[in-house]
Structure formats: C-alpha cells, structure tokens
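Descriptive analysis of the structure
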Amino acid sequence: TQLLEQSPQFLSIQEGENLTVYCNSSSVFSSLQWYRQEPGEGPVLLVTVVTGGEVKKLKRLTFQFGDARKDSSLHITAAQPGDTGLYLCAGSNQAGTALIFGKGTTLSVSS
Amino acid sequence: SQTIHQWPATLVQPVGSPLSLECTVEGTSNPNLYWYRQAAGRGLQLLFYSVGIGQISSEVPQNLSASRPQDRQFILSSKKLLLSDSGFYLCAWSIGLAGPYEQYFGPGTRLTVT
C-alpha cells in the first residue's frame, strides 16, 4: 500500500520565521504535488515535481523532490500570516487512476 | 479557463434522509472526475472517480453512490444518510491518465447529518 506521511502535523510560528515541512514514503512516485487549503475551501495546487532532485521555487516557497522520488519537502522563507493553512502533499497511485494524499501539515503564522 | 462548481455549499440533513450533491466543470472536455471526503481539516479520502460518462469506480465501500450523467457533471448520492456521512465533500477534475496527474478542486460542500 502506498502511503505518504507528512510531518510535522501541526506548526505554529511567528511572522518572519523559516520553516520546512516534509512528505515521506517508502514507495516511489512518478510525481508529487503540493496543495494548500484554507478553512472551508478546496485545496489549491501549488506545484508539481517530477524529476528526482528537482527544486522549484514559488516566491518564498521552495519545493524539493528527493533523488529517489520517495520524498519531498516544502521550505517557506520569512513566513507571513497569509501562509497560514493546511499543506497537503499528494502522489499518483500505482495504477495511475488517483492521487494518494498525506494527512497534511497545519501551519499557523501569527503576526 | 476551467472552473469547477459544487452545490450546495452547506447542507444540514437528518439521519435517514436522501442526499444529492452536484459538481460541474466548465472549460474542458472529457475530464476525469473525483469525489473526496475530508474529515476535520485533515487528509482527503477518495470516494469515487470517473474517466467518462457512466463509468464510475468506487474506492471505499460505503453508504454513498456516484453517477456521471453528462461529460462534465458528477453527482454524489445517498438513499439514507448516516451520522458518519458528515464531512466536507470535495469534487475534483483532471485531464488524461498519464503525466503529472494534477487535480483541481471545487469549493466543497459541508454536510452535517443530525
């Protein structure tokens, strides 16, 4: 069974701090995606990483795909209150018919 | 551009009553469509997916069913709701069955069964 484990589960920080959240699996994924979800809304796709070792940047957010394509990380520099939300990683199942989601990291950034 | 709609946004239903949630996609053809349930702001559980009209695959045995009467319409139903059916229901779409396999989500329906 393919599983994605995210850590930490909860993270509460002050504005301006840096943070990293992790998404790990014992399975290889052809690609991984990161989503952000705000309360009462649907998840919004942030990025897709496809190649082992790939690094993508989205303003203050840096995403990395592990060399073996089993893990990924999301680093936020100088966090702002607008970064608050639930961050979900997801990867395609082996059949290629659906996404497997991690349970998410809830981030709270206070000013 | 593509958009996805879900309604209603919020629903409160008594135990034993029927359910119908609707999802429609605009701006694309032959999308793959998905229904997810999310409990208490945590990860998403895939309920159903569809790769075409009338084609439904169920991931989890449950009190719910899904139908796809039109190319861009996906409906989640139940004949008799249970308390455990409460949750946040999300519809999503994607294109193709290969590649990065990105999914795009609707705004969700908050269902409370009383």
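Above this text is the structure in question.
Keep in mind that what you see is a predicted model, and the values were worked out from it rather than measured. (Residues numbered from 1 in each chain as written. Chains lettered and ligands numbered in written order. Predicted model: local features only at pLDDT ≥ 70, side-chain atom pairs only at ≥ 80, totals over all residues. Heavy atoms only, no water.)

1. Comments concerning the sheet that holds strand S3 (residues 19-26) of chain B
All names here are of chain B. Read from one edge to the other, the open sheet built from four strands follows the order S1-S3-S8-S7, with strand pairing classed as antiparallel. Of all strands in the sheet, those bounded by a partner on one side alone are strand S1 (3-7) and strand S7 (65-70). On average, adjacent strands in this sheet sit at an angle of 20° to one another, irrespective of strand direction. With six bridges connecting them, S3 and strand S8 (residues 73-78) associate as antiparallel partners. The partner of Leu21 across the bridge, within S8, is Leu76. (Pairing = 2+ DSSP bridges. Helix = DSSP H or I, 4+ residues; strand = E, 2+ residues; numbered from the N terminus. Axes fitted to C-alpha atoms, helices over the stretch in contact; angles between N-to-C directions.)

2. Thoughts on the pairing of strand S6 (residues 55-58) of chain A
Residue and element names in this part refer to chain A. Pairing of S6 with strand S7 (residues 61-65) involves four bridges; the strand directions are antiparallel. When the bridges of S7 are listed, Val55 appears paired with Gln64. Between S6 and S7, which follow one another and run antiparallel, lie two residues, and Lys59 among them has a positive phi close to 55°.

3. Remarks on the side chain of Ser17 of chain B
All names here are of chain B. For Ser17, the position within the fold is in the loop between strand S2 (10-13) and S3. What makes Ser17 buried here is its relative accessible area of 11%. Among the polar contacts made by the side chain of Ser17, one reaches the side chain of Gln13 at a distance of 3.4 Å. Within the structure, the side chain of Ser17 is placed 2.7 Å from the backbone oxygen of Pro14, a separation counted as a polar contact. Not counting residues up to four positions away in its chain, the partners in contact with Ser17 are Lys79, Lys80 and Leu81. (Buried < 20%, exposed > 50% of the residue type's maximum accessible area, 1.4 Å probe, protein only. Polar contact = N/O pair within 3.5 Å; in protein donor to acceptor, adjacent residues only side chain to side chain. Contact = heavy atoms within 4.5 Å.)

4. Considerations on the side chain of Gln73 of chain B
Residue and element names in this part refer to chain B. As for its position among the elements, Gln73 is in strand S8. Given a relative accessible area of 12%, Gln73 falls into the buried group. Reaching out from Gln73, the side chain makes a polar contact with the side chain of Glu22 at a distance of 2.6 Å. What Gln73 contacts, discounting residues up to four positions off in sequence, is Glu22, Cys23, Thr24, Leu33, Ser67 and Arg68.

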